[in-house]
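The chain contents come next:
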Amino acid sequence: MAEAVCDSLTCFVKFLFSCHTFKTLCNTAMQGILLFSMRRQPKRRPSGLLGFSIVWFGQLISMTGTGMTRFALTIWVWQETGHATALALVAVFSFAPAIVFSPIAGAIVDRVSRKRMMIVSDLGAGLATVALLILYSTGHLQIWHLWAAGFFASAFESFQFPAYSAAITTMVEKKQYTRANAMLAMVESAASIIAPASAGALLPILRINGIMLIDIATCLFAIGTLLFVIIPDPAETAVGRASRGSLLQESVFGFRYIFSNSSLLGLLLIFFATNLTFGFAMILFAPMILARTANNTVILGTTEMMFGIGGVAGGLLIVGWGGFKRRVHGILLGLILMSIFGQVVIGLGQSIQVWGLGAFLAMFFMPLVNGSSQAIWQAKVLPDIQGKVFATRRLIAQISSPVAMILGGRLADAVFEPAMASGGTVAQLFQPLVGSGSGAGMALLFVLSGILGAIVGLTGYLVPAVRQVETRLPDYDAPGPTIV
């Protein structure tokens, strides 16, 4: 299997660079970035909260286009294969490289302009969509092309999280960290409202290639907003200078930093476990809904839109409220609530109303969880090492997600779906909860993963290093010695 994937990736790359259009686009884009990097920044360009808001809007537009392409291709893959595993593999190739390459990306982010790395990240995603557009338009698109394109885009995406997260620290005041992070969380949620509905309505008219053209245009818009604003780079500190070295040495700095702080490590392990339980279920949402509704894409689009509505509502609440004074409560309590009222409710549901409610509540608490976590890290870690530390943080917290995606798909296809369809002991025991028929096994996985997620959140309250993370570690700008 691994050899086949490597051969596929090699063929994909050869195809890309044999395409005159693709090569021209690459050259033009890179020349534009080079010219930008050599040009002096005008003094009157937007910065601060205004600049952040402009970048935020650009990302909203771009992620809407990306979500439209993802929605269209999800339906295409399901119609081509009818297997949850196929969707899971697409998700893994679109996600895993961003995690695996994170330490190297974080080291690069701290070495060069964060603004430039943000542009490169968006550009990589756009080029992957261009390649898929060429393949689909010429009638050559296959499942493995999605793996390869996902791998390519995800490798560039590895720069995005550390660059954007660290940029917030230099663009907005500390008291606004939670609100700014909630705004970023709202981007994905708002896009998930607009994208499924827009793609569902436009797909019959524009087809998949038209949807991907929209995606490419929105990517260019996002890059334009980044070119327009000023994103300050952080001042160098003694800790930052001490972290300098070879790329390999800087790549492992984040591990040394985090493993020397039991509270930060404990907090990360909570997210590691949560992403494992959450990943089991969420990779199965689309195939579960399609299986239980006879491939009804309207119901799928409507329920996926509720994820976005919930995320936007939760984000607006945090923007107005600011979150708990003790941010750790926002993390742990939010995880418990989203697991019980989100995942469990979705699994128990057998109608669009219940699925929609569960989807809304699952994402309603997400801005509270992520915004609180981001604010803690941004307040505790020195700005000029945040690229390295945040990249490693992402690797540790999310490395469980690809495993969960693969296991979730296999468990659904090979274990839970057959068990719930056989009429045996498992089916008799759980049919009163999740019903029967196609998709019932995936629904049971939702319920079980939600229960496990709630247990993870409760465990965080039982561990003093996690519960007291904000009092055990000083802020990076607090008087006194810095924790290294």
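**Examining the overall build of the chain**
For step 1, the next point in the chain: Of regular secondary structure, the chain possesses 23 helices and zero strands.
For step 2, the next point in the chain: Considering the chain as a whole, with its 484 residues, one finds that 56% of them fall into the buried category.
For step 3, the next point in the chain: Long-range pairs, those at least 24 residues apart, make up 86% of the contacts in the chain with a sequence separation of at least 6.
For step 4, the next point in the chain: As displayed, the chain offers around 20000 Å² of accessible surface, 68% of which is attributable to carbon and sulfur atoms.

**Description of helix H17 (residues 366-380)**
For step 1, the next point in the chain: Taking 1.5 Å of rise per residue, 15 residues should cover 21 Å, and H17 covers 21 Å from first to last C-alpha, within 8% of that figure.
For step 2, the next point in the chain: Of all 15 residues that make up H17, 14 are buried, and the element is covered over most of its length.

**Considerations on the pattern of salt bridges**
For step 1, the next point in the chain: Considering all chains together, one arrives at eight salt bridges under this definition.
For step 2, the next point in the chain: With its nearest N and O atoms 3.6 Å apart, the salt bridge here joins Glu 157 to Arg 394. On the criterion of sequence distance, the pair formed by Glu 157 in helix H7 (residues 143-157) and Arg 394 in helix H18 (residues 386-398) is long-range, its members being 237 residues apart.
For step 3, the next point in the chain: By sharing partners, the salt bridges in this structure join Asp 110, Arg 111, Arg 114, Glu 250 and Lys 388 into a single network.

**Some remarks on a nonpolar patch on the surface**
For step 1, the next point in the chain: A cluster of nonpolar residues, Val 100, Phe 101, Leu 269, Phe 272 and Ile 399, forms a patch on the protein surface that exposes about 390 Å² of accessible area.
For step 2, the next point in the chain: Mapped onto the elements, Phe 101 comes out in the loop between helix H4 (84-100) and helix H5 (102-111).
For step 3, the next point in the chain: Note on Phe 101: relative accessible area 32%, which makes it partly exposed.

**A short note on the nonpolar core**
For step 1, the next point in the chain: Formed by 134 residues in total, the largest nonpolar core has its most connected members in Trp 377 and Val 389.
For step 2, the next point in the chain: Considering each element in turn, this core owes the most residues, 17 residues, to helix H9 (residues 177-228).
For step 3, the next point in the chain: With residues up to four places along the chain from it excluded, the contact list for Val 389 reads Phe 253, Gly 254, Tyr 257, Ile 258, Trp 377 and Val 381.

**With respect to the confidence of the model for the chain**
For step 1, the next point in the chain: Confidence along the chain averages 84 in pLDDT terms, with 89% of residues attaining 70 or more.
For step 2, the next point in the chain: This stretch, residues 1-26, has a pLDDT under 50; its non-local contacts, to residues over four places away or in other chains, come to 27 contacts.

Rules of the game
Residues numbered from 1 in each chain as written. Predicted model: local features only at pLDDT ≥ 70, side-chain atom pairs only at ≥ 80, totals over all residues. Heavy atoms only, no water. Helix = DSSP H or I, 4+ residues; strand = E, 2+ residues; numbered from the N terminus. Buried < 20%, exposed > 50% of the residue type's maximum accessible area, 1.4 Å probe, protein only. Contact = heavy atoms within 4.5 Å. Areas by Shrake-Rupley, 256 points an atom, 1.4 Å probe, with all protein chains shown as cover. Expected span 1.5 Å × (residues − 1). Salt bridge = Lys/Arg side-chain N within 4 Å of Asp/Glu carboxyl O. Patch = residues over 30% accessible without salt bridge, like charges linked within 9 Å, V, L, I, M, F, W, Y side chains within 5 Å. Core = buried A, V, L, I, M, F, W, Y, C linked by side-chain atoms within 4.5 Å. pLDDT = per-residue confidence, 0-100.

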